[in-house]
Amino acid sequence: MYPAAFEVTKARTLDEALAKLADLGDDGRVLAGGQSLIPMMKLRVAAPTHLVDINEIPDLDGIKQVNGHMSVGALARHADVVRADVANHTVAAAAPWVADPVVRNRGTMCGSIAHCDPEGDWNSVMLAVRAQVVATSSSGERVIPIDEFVKDFFTNSLQEGEMVTEVRVPNYAGAGGGDYLKLERKIGDYATVAVAIHLDLAGDGTIAQAGVALTAVNHVNTRASDAEAILVGNAPSEELFAAAADAAAAAADPVSDIRGPAEYKRDVVRVFTRRGLASALAKAQD
Amino acid sequence: MEVNVTINGAARTAEVEARTLLVDFIRTNLSLTGTHIGCDTTSCGVCTVLLDGTPVKSCTMFAFQADGHEIQTVEGLKNGELHPIQAAFKEEHGLQCGFCTPGMMLVGKALLEENLNPTDDEVRWAISGNLCRCTGYMNIVKAIQTAGAELSAAESGATA
């Protein structure tokens with residue numbers, strides 16, 4: 001299978017990439033890991049006329065602690081995240097479940113976030129932990145909350161000439177914990193269902209901040225807001241978690257397909273939310 | 001566009017279109033057909049090659065992206081005699097039809113560079129992006145472990 005013909009710019013610096021993207025407008029696409037873009041081009045689902053390859057730009061692959069958050073650069077591969085000493089439990093739990101080990105050597109976290117595939121793992125993680133996405137263009141930088149960044153089915157809120165240069169995962173304010181539970185038919189397959197969980201506890205042990213987000217059960221990665229509202233301000237308990245799990249299941253509107261019937265998927269959301277909250281709490285209290 | 005790579009230690013150059021996939025560059029332009037094409041959709045891993053030592057699926061990379069980089073394919077394993085991973089696949093019957101074998105050996109080699117004594121689970125995890133349609137996984141796992149033991153014995157022999 002072959003993509004339609006295209007032009008390419010191999011950018012050596014970020015400024016060069018941004019200038020080219022500004023010039024190209026809607027015709028340009030950033031090529032980072034290419035593990036989603038290239039298959040889509042081969043299937044002719046995507047046919048960009050010009051690729052701006054950022055792989056040779058130095059210093060875009062950092063994973064570091066800055067000003068109260070973990071910053072992940074545009075060229076940090078999933079495998080780099082697996083190997084990094086990541087303090088955020090939700091990110092650490094999800095990383096080994098993204099794609100397969102060989103794909104993880106190439107695919108990037110920022111690329112996957114920008115791709116906005118509702119079956120992708122990272123956007124649920126980022127919704128749960130309330131990450132920020134840094135969009136850079138030749139005229140400057142915008143820091144976009146993840147809820148505004150993930151707009152719709154394969155649709156982000158980047159404007160012409162912008163690319164994702166960084167994602168920021170906030171550190172826990174207090175005792176924090178999280179988890180990512182994923183059901184897949186085989187390694188490398190898309191999720192049948194996955195649930196991202198984030199808890200940040202106040203000094204008195206009540207839940208100060210909660211994140212519950214769902215993969216592959218709606219047309220876009222979804223924050224289960226009702227589940228979060230049930231959790232926040234309350235002391236953790238099995239009953240509370242069961243109520244939040246029911247609310248998370250209610251936020252799922254899956255379709256029946258080869259990966260399972262809708263009713264089954266909705267029930268997996270319920271079970272995974274309950275289990276994820278219990279394990280996130282255990283990690284927060286550890 | 002011109003693509004220059006070092007493949008299995010040799011410098012090679014070819015003129016390709018931007019859309020030429022790395023796997024076709026290797027098989028067609030460089031005539032190294034040990035790297036196979038299976039699913040063509042990033043699922044099966046038979047096209048796995050080592051890019052600067054790291055396993056990647058060469059059906060999901062453009063040839064121009066390898067420009068200036070080092071590639072190792074299955075042809076580069078043998079150095080006079082069989083590489084220990086090849087010898088172990090032969091010894092442990094780690095292949096049946098052989099189609100997945102180049103990818104399996106390269107992923108196994110990359111794993112052994114980090115860990116010469118991997119457990120069953122560690123090997124299974126490392127090869128989980130590579131499919132064997134003969135379902136010969138038991139012997140593939142054994143072969144990678146046998147090669148690890150062989151390499152580790154050679155290493156301690158060299159330091160003794």
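Residues numbered from 1 in each chain as written. Chains lettered and ligands numbered in written order. Predicted model: local features only at pLDDT ≥ 70, side-chain atom pairs only at ≥ 80, totals over all residues. Heavy atoms only, no water.

1. Details of the domain arrangement of chain A
Residues and elements named next belong to chain A.
Working step 1: For chain A, the domain assignment lists domain 1 (7-53), domain 2 (63-170) and domain 3 (175-285).
Working step 2: A C-alpha centroid distance of 18 Å is found between domain 1 and domain 2.
Working step 3: Across the boundary between the two partners, domain 1 contributes 12 residues, which contact 15 residues of domain 2.
Working step 4: Across the domain 1 to domain 2 interface the summed buried area is about 1,100 Å²; carbon plus sulfur atoms make up 75%.
Working step 5: For the domain 1 face of the interface with domain 2, the top three residues by lost area are Leu-18, Ala-32 and Gln-35, together amounting to 41%.
Working step 6: Where domain 1 packs against domain 2, one counts zero salt bridges.
Working step 7: Scanning the region where domain 1 abuts domain 2 turns up zero residue pairs in polar contact (both at pLDDT 80 or more).
Working step 8: For the side of domain 1 that touches domain 2, the element with the highest residue contribution is helix 1 (residues 14-24), accounting for four residues.
Working step 9: Of the residues in the side of domain 1 that touches domain 2, the class split is seven nonpolar, four polar and one charged. (Domains from an automatic or database assignment. Contact = heavy atoms within 4.5 Å. Buried area = accessible area lost by both parts, 1.4 Å probe. Salt bridge = Lys/Arg side-chain N within 4 Å of Asp/Glu carboxyl O. Polar contact = N/O pair within 3.5 Å; in protein donor to acceptor, adjacent residues only side chain to side chain. Helix = DSSP H or I, 4+ residues; strand = E, 2+ residues; numbered from the N terminus. Nonpolar A, V, L, I, M, F, W, Y, C, P; charged D, E, K, R; others polar.)

2. Focus: the packing of helix 2 (residues 84-91) of chain B against helix 3 (residues 101-114) of chain B
All names here are of chain B.
Working step 1: Running from N to C, helix 2 and helix 3 cross one another at 125°; their axes reach a closest spacing of 10 Å. Classified by the angle between their axes, helix 2 and helix 3 sit oblique to one another. As helix 2 runs across helix 3, the sense of the crossing is right-handed. Each of Ile-85, Gln-86 and Phe-89 in helix 2 lies in contact with helix 3, whose residues at this interface are Thr-101, Met-104, Met-105, Gly-108, Lys-109 and Leu-112.
Working step 2: When grouped by side-chain class, the residues that make up the contact of helix 2 with helix 3 number five nonpolar, three polar and one charged. (Axes fitted to C-alpha atoms, helices over the stretch in contact; angles between N-to-C directions. Parallel < 35°, antiparallel > 145°, perpendicular 65-115°, else oblique. Left-handed = near helix turned anticlockwise from the far one by under 90°.)

3. Topic: the pairing of strand 12 (residues 191-201) of chain A
Residue and element names in this part refer to chain A.
Working step 1: With 11 of its 11 residues buried, strand 12 lies for the most part within the structure.
Working step 2: Direction of pairing for strand 11 (residues 175-184) relative to strand 12: antiparallel, over a ladder of 10 bridges. Looking at strand 12, one finds that Tyr-180 is bridged to Ala-196.
Working step 3: Following strand 11, the chain reverses through six residues before pairing antiparallel with strand 12; Gly-188 in that reversal takes a positive phi of roughly 95°.
Working step 4: Where strand 12 meets strand 13 (residues 207-215), eight bridges bridge the pair, whose relative direction is antiparallel. Looking at strand 13, one finds that Val-195 is bridged to Leu-214. (Buried < 20%, exposed > 50% of the residue type's maximum accessible area, 1.4 Å probe, protein only. Pairing = 2+ DSSP bridges.)

4. A word on helix 7 (residues 122-129) of chain A
Residues and elements named next belong to chain A.
Working step 1: Of all the eight residues making up helix 7, eight are buried; the element is thus mostly covered by neighbouring parts of the structure.
Working step 2: Along helix 7, the positions that sit buried rather than exposed are Trp-122, Asn-123, Ser-124, Val-125, Met-126, Leu-127, Ala-128 and Val-129.
Working step 3: Arg-130 lies just past helix 7 and shows a positive phi near 55°.

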